[in-house]
Amino acid sequence: ARPPPKPNFPPRRAPPRADGAASQAPVVAPPPPSPPTPAAAGAGGDPGGAAAGGGGLGYQLLMIGGSMFGMFMAFALVQRLMGPRRITVIHKDSAGNVIDAGSGRHA
């Protein structure tokens, strides 16, 4: 089943103005003024060479240390959630005899 075709209405026209003025093109608002350009990074004698709002050398080192600590804690959490590794290895000599891993002797 096909939907019925859409009606073809004529384009809308603006209602006549109450003050009797002739219809004119709509007034276009001027664009907003552009924001002032920021000062160049490193200007002003910043000895650390940090960009504006980037903090200093101490802040960057603190963030690096915090990131390393966070990664360590994340790995430790995952290790605790997954539990100890359960890998069973069967040691054999060149002849195929099973060797006890604890004593090193043939089982």
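Predicted model only: the values in this text are computed from it and were never measured. (Residues numbered from 1 in each chain as written. Predicted model: local features only at pLDDT ≥ 70, side-chain atom pairs only at ≥ 80, totals over all residues. Heavy atoms only, no water.)

Caption draft 1: Geometry of the overall build of the protein chain. Broken down by element type, the protein chain carries one helix and two strands. Each helix and strand of the protein chain, ordered N terminal to C terminal, gives the series α-β-β. Counting all 107 residues of the protein chain, 1% fall into the buried class. If you sum the accessible surface of the protein chain, you get close to 10800 Å²; carbon and sulfur atoms cover 63% of it. (Helix = DSSP H or I, 4+ residues; strand = E, 2+ residues; numbered from the N terminus. Buried < 20%, exposed > 50% of the residue type's maximum accessible area, 1.4 Å probe, protein only. Areas by Shrake-Rupley, 256 points an atom, 1.4 Å probe, with all protein chains shown as cover.)

Caption draft 2: Quick look at helix 1 (residues 57-82). The end-to-end C-alpha separation of helix 1 is 38 Å, in line with the 38 Å expected for 26 residues at 1.5 Å each. Gly83 sits one or two positions beyond helix 1 and adopts a positive phi of about 85°. (Expected span 1.5 Å × (residues − 1).)

So far we have only geometry, and geometry alone does not tell us how the molecule works.
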